[in-house]
Amino acid sequence: MKRIGVFVCHCGINIASTVDVQKVAEEVGKMPGVVFATDYIYMCSDPGQALVREKIREENLDAVIVAACSPNLHESTFRTAAGEAGLNPWQLEIANIREQCSWVHSDREKATEKAIRIVKAMVEKTRLNESLDPISVPITRKALVIGGGIAGIQAALDIADAGYEVILVEKEPSIGGHMAQLSETFPTLDCSQCILTPKMVAVGKHGNIELMTYSTVEEISGYVGNFTVKIRRKAAYVDWSICTGCGQCTEVCPAKVPSSFDRNFSTHGAVYVPFPQAVPNKPVIDREHCIHFKTGKCGLCEKTCEIGAIRFDQEDQVFRREVGAVVVAAGYDTLPLSELKEYGAGRVPDVIDGLAFERLLSASGPTNGEIRRPSDGKVPKEVVFVQCAGSRDPERHKPYCSKICCMYTTKHALLYRHRVHDGQPYIFYIDIRTGGKGYEEFYHRAEEDEGIIYLRGKVAKIFRDGAETVVWGTDTLTGKNVEIRADLVVLATAVIPRKSTARLVRKLHIQAGPNGFLAEAHPKLRPVESINSGFYLAGAAQGPKDIPESVAQAGGAACKVISLFSRNRLEQDPAVAWVDEDLCGGCRICISVCPYDARKFDEEKGIAVVNEALCEGCGSCVAACACGATQQKNLTDVQIKNMITASLGGK
Amino acid sequence: MFEPRIICFLCTWCAGAGADLAGTSRLEYTPNGVNIRFMCSGRIDPEHVLWAFGKGADGVLIGGCHPGDCHYMDGNYKTMARVALLSRLLDDFGINRARLRLEWISAAEGAKFASVMNDFTEKLRSLGPMKPATREMAR
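Keep in mind that what you see is a predicted model, and the values were worked out from it rather than measured.

Each value, and the rule that gives it
- Residues numbered from 1 in each chain as written.
- Chains lettered and ligands numbered in written order.
- Predicted model: local features only at pLDDT ≥ 70, side-chain atom pairs only at ≥ 80, totals over all residues.
- Heavy atoms only, no water.
- Helix = DSSP H or I, 4+ residues; strand = E, 2+ residues; numbered from the N terminus.
- Buried < 20%, exposed > 50% of the residue type's maximum accessible area, 1.4 Å probe, protein only.
- Contact = heavy atoms within 4.5 Å.
- Salt bridge = Lys/Arg side-chain N within 4 Å of Asp/Glu carboxyl O.
- Polar contact = N/O pair within 3.5 Å; in protein donor to acceptor, adjacent residues only side chain to side chain.
- Nonpolar A, V, L, I, M, F, W, Y, C, P; charged D, E, K, R; others polar.
- Axes fitted to C-alpha atoms, helices over the stretch in contact; angles between N-to-C directions.
- Left-handed = near helix turned anticlockwise from the far one by under 90°.
- Pairing = 2+ DSSP bridges.
- Right-handed = clockwise from strand over helix to strand, strands pointing away.
- Disulfide = S-S within 2.5 Å.
- Core = buried A, V, L, I, M, F, W, Y, C linked by side-chain atoms within 4.5 Å.
- Parallel < 35°, antiparallel > 145°, perpendicular 65-115°, else oblique.

Caption draft 1: Inspection of the environment of Val609 of chain A at higher detail. All names here are of chain A. Summarising the element assignment, Val609 is placed in strand β33 (residues 607-610). For Val609, a relative accessible area of 24% gives the class partly exposed. What Val609 contacts, discounting residues up to four positions off in sequence, is Val579, Ala598, Arg599, Lys600 and Asp602.

Structure (structure tokens):
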């Protein structure tokens, strides 16, 4: 019989205040084979780990159970410690008595009883654990970056500069993301494009970056270090390999399509480059609006293009690429105005959102930087900015703070004053949040020196009255209702995940949180990693973020990728499926359920075998096996049954 | 008051992480269940459920990822099919199918895990203990 040691952690008072840890050690110590059982104040501390190593040697332990926090936190800590003392790491198991016991119960007696059952179940499992060796697999030192906004750009450049190849996939025809739409950036008032475009150009020219715009990730399979990804490049109907980007086709196109880049304030042709600084600076044809595709006539672009780059017969292309790591920088969207019924639901022409105002402010925007309202092109003299339009509103909209709006609204009002000297900006706010370097100073400058009127309170209703837009709100500091007859209203709409993010989450099999933003592995300590190995997060797809934070996170994600790529081989969990060749009848049901093609039929032996490098250890085939020939290493049916029995207090 | 014994089979990626989050968020729930960690709910064999009933469980909870969110592509769909079939089998055994509960709980749904445990405990209390003869059937 195996000699088993059990170590019960107090976790200070985190466990010990609800669970009688001494009693747990005492009860479990009575089990056959448990030759050593103790409790200790902090098992994860250096002395705690030293105690495990010491007892493994002294007591000649064959297996160890540490009853402590979730295995997601310290399983690897203790397995490493066990390995250092000469015990096979897979002979050590964690019994979770903190997250799943002491933290969720208050009745000490019942919590102690439950903890005893949890630990006893783990003793029964470990009793039958085999010693395993990690499966070593090669690693593809190439990264996939999804999303070509500032976060994706930064991550791609950092990885590429470290000497590794990168594929940057962007679904729009150009990289740049939302940052390319912005006028100036807070709190320094740097011109957004001026600081972004050099990076975009660097991506376009970098020898290690394969830029795939107008493309989306269709499918991904494999595991950390060894993913296979299918990328679909939409037909641009322009042969980019010969197109010089002269732009003649875009000038002759007679179609008029609202520019989504300019938030519909301007139009472009059906063949277009989204904005002048686009990378790559190559046009695409919008098939839906192209007269040639609709009527079979026109073809002006084709006639104009001297080198014959217009290709109406082009089709979508699907590329397969092997990568070792994926950075997800899928970006964000803003809440559509149509969702804000109380603010006119997008039907009042002079109620616009913050991104639209950015386009009005932008020197390269539809009005060349002049502030003109959409309804009649008049310069607005009274402008109301409404913060938290859809944010911090759990009853009707989003419960969370969108984080960037306080600062960008302040910037908007300030820039508006610089353009329209006799104009009056008002800002309705709930709280002003200025957490960031130089942010509070920027806000004070706006409030004290720039004549912006801040009104603390929510806006109840916005509606149109003649040529004016009426804003009803409350100033909670004076306790009075406020009516402003505004020329223009700018809503700081909530930052939301892109619609495509939910689809991407499913394709990549990563996790998203309750508000649809990508979930990090740990909110404090692993903020740039997904819980799924090999996936890293950057930018506002993970949560509302401003530019410096997005850039910092992208750099962090890139470093994680670089650190992964610095290894020669990767070690994989060996708790994979295993076949008892004598029992297997060759029915092949396992082959049909395996999502990874890890099960193959061995014609010679007449049985189904396991490819350990491909097996992810999900255990689907084990449950499907009708004769019990397939088992999961260290989680066999016998182990599971013994755990159940022990959990129920049986023997 | 009758205190039912519950065995919870949780996949580590979603339901197990959700149970951890309930802990991190200090959401209190009934201490009637003991969790057994699987990599995927698709590893759960109907035999494990029957074994639990045979060994004294009054209820079995299976927790997996929401449809479409399985870490292993489609393990939870396999679970869904297996549980549907197993429920019919429980009827044949005379075991009330309400004693087996399948829930999709994401890593972000700590509150859902806690409320499922409270609700399931309550339901099993109202069902009362399983008759020894019925339990015998599960063996």
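There is more to say after this.
Caption draft 2: Quick peek at the interface of chain B and chain A. In this assembly, 51 residues from chain B lie in contact with 47 residues from chain A. Across the chain B-chain A interface, the total number found is six salt bridges. A salt bridge links Lys641 of chain A to Glu47 of chain B; the shortest N-O distance between them is 2.4 Å. Here chain B and chain A share 22 residue pairs in polar contact (both at pLDDT 80 or more) between them. Among the secondary structure elements, those contributing two or more residues to the side of chain B that touches chain A are β1 (6-11), α1 (15-24), β2 (33-38), α2 (46-54) and α3 (75-93) of chain B. Residues of the side of chain B that touches chain A, tallied by class, amount to 24 nonpolar, 13 polar and 14 charged.

Caption draft 3: Seen up close, the packing of helix α6 (residues 150-161) of chain A against helix α15 (residues 547-565) of chain A. Residues and elements named next belong to chain A. Interaxial distance between α6 and α15 falls to 8 Å at its minimum, and their mutual angle equals 35°. Crossing of α6 over α15 shows right-handed handedness. Listed contacts from α15 to Ile150, Ala151, Gln154, Ala155, Asp158 and Ile159 of α6 are Ile547, Ser550, Val551, Ala554, Gly555, Ala558, Val561 and Ile562. Of the residues that constitute the contact of α6 with α15, the class distribution is 10 nonpolar, three polar and one charged.

Caption draft 4: Up close: the pairing of β2 of chain B. Residue and element names in this part refer to chain B. Burial of β2 is extensive: five of the six residues sit out of reach of the surface. Relative to β2, β1 runs parallel, the two sharing six bridges. Note that in β2 the partner of Cys8 across the bridge is Asn35. Handedness of the crossover is the feature at issue here: the chain leaves β1, passes through α1, returns alongside β2, and the resulting connection is right-handed.

Caption draft 5: Representation of the sheet that holds strand β26 (residues 480-486) of chain A in the model. Residue and element names in this part refer to chain A. Taken in spatial order, the three strands line up as β24-β25-β26 in an open sheet, and their pairing is antiparallel. Where the open sheet ends on each side, the last strands, each with one partner, are β24 (459-465) and β26. Sheet twist, expressed as the mean angle between neighbouring strand axes with direction ignored, is 20°. Sheet analysis places strand β25 (residues 468-475) next to β26, joined by seven bridges and oriented antiparallel. By the bridge assignment, Val470 is partnered in β26 with Arg485.

Caption draft 6: Seen up close, the state of the cysteines. Applying the stated criterion to the full structure yields two disulfides over all chains. In this model, Cys191 of chain A is linked to Cys194 of chain A through a disulfide, with the two sulfur atoms separated by 2.3 Å. Taking the sign of the S-S torsion, 80° for the link of Cys191 of chain A and Cys194 of chain A, the bridge is right-handed. Cys14 of chain B shares a disulfide with Cys65 of chain B; S-S distance 2.4 Å. When the S-S torsion is 95°, as for the bridge of Cys14 of chain B with Cys65 of chain B, the disulfide is right-handed. Highlighted residues: Cys14 of chain B in the loop between β1 and α1 and Cys65 of chain B in the loop between β3 (59-64) and α3, separated in sequence by 51 residues. Both residues of the pair, Cys14 of chain B and Cys65 of chain B, count as buried. Free cysteine: Cys401 of chain A, not disulfide-bonded; nearest cysteine sulfur from Cys406 of chain A at 6.3 Å. Using a relative accessible area of 31% as the deciding quantity, one classes Cys401 of chain A as partly exposed.

Caption draft 7: Broad picture of the nonpolar core. Core analysis: the largest hydrophobic core is formed by 70 residues, its most contacted members being Val6, Val64, Ile97, Val119 and Val123 of chain A together with Phe9 and Val49 of chain B. Element by element, the count of residues in this core is highest for helix α5 (residues 108-127) of chain A, at eight residues. Every residue in contact with Val64 of chain A, bar those within four places of it in the chain, is listed here: Gly5, Phe7, Val52, Ile56, Leu87, Gln91, Leu92, Glu93 and Thr126 of chain A. Judged by nonpolar contacts, the second largest core, of 67 residues, contains Leu168, Ala180, Cys615 and Ala629 of chain A.

Caption draft 8: Inspection of the environment of Gly585 of chain A at higher detail. All names here are of chain A. With respect to the secondary-structure elements, Gly585 resides in the loop between β31 (577-579) and α16 (589-593). Through-space distance from the C-alpha of Gly585 to that of Ile607 is 6.4 Å; in sequence the pair is 22 residues apart. The contacts of Gly585, once residues within four sequence positions are left out, are Gly606 and Cys627.

Caption draft 9: Representation of helix α18 (residues 637-647) of chain A in the model. Among the 11 residues in α18 of chain A, nine count as buried, and that is most of the element. Buried within α18 of chain A we find Asp637, Gln639, Ile640, Lys641, Met643, Ile644, Thr645, Ala646 and Ser647 of chain A. Looking at the buried residues of α18 of chain A, the elements they touch are α5 and β34 (630-632) of chain A together with β1, β2 and α2 of chain B. Following α18 of chain A by one or two positions, Gly649 of chain A has its phi on the positive side, about 85°.

Caption draft 10: Structural view of the sheet that holds strand β21 (residues 382-389) of chain A. Residue and element names in this part refer to chain A. Across the sheet, five strands lie side by side as β20-β27-β21-β22-β23; this open sheet has parallel pairing. Among the strands making up the open sheet, the edge pair consists of β20 (351-353) and β23 (453-456). Between one strand axis and the next, the sheet turns by 25° as a mean value, whatever way the strands run. In this structure, β21 lies alongside strand β22 (residues 424-429), joined through five bridges in parallel fashion. Bridging from a neighbouring strand, Val384 pairs with Tyr426 of β22.

Caption draft 11: Expanded view of the pairing of strand β1 (residues 4-9) of chain A. All names here are of chain A. For β1, the tally of buried residues reaches six of six residues, placing the bulk of the element in the interior. Both faces of β1 are covered, namely the face carrying Ile4, Val6 and Val8 and the face carrying Gly5, Phe7 and Cys9. Pairing of β1 with strand β2 (residues 34-40), which is carried by six bridges, proceeds in the parallel orientation. Looking at β2, one finds that Cys9 is bridged to Tyr40. In this fold, β1 hands off to helix α1 (residues 21-29), which returns the chain to β2; that crossover is right-handed.

Caption draft 12: Expanded view of the packing of α1 of chain A against α5 of chain A. All names here are of chain A. Where α1 contacts α5, the axes come no closer than 9 Å and their chain directions differ by 40°. Accordingly, the angle class assigned to the pair α1 and α5 is oblique. Along this stretch, α1 crosses α5, giving a crossing that reads as right-handed. Residues Lys23, Val24, Glu27 and Val28 of α1 form the contact with α5, whose participating residues are Thr112, Ala115, Ile116, Val119, Lys120 and Val123. Considered class by class, the residues forming the contact of α1 with α5 number six nonpolar, one polar and three charged.

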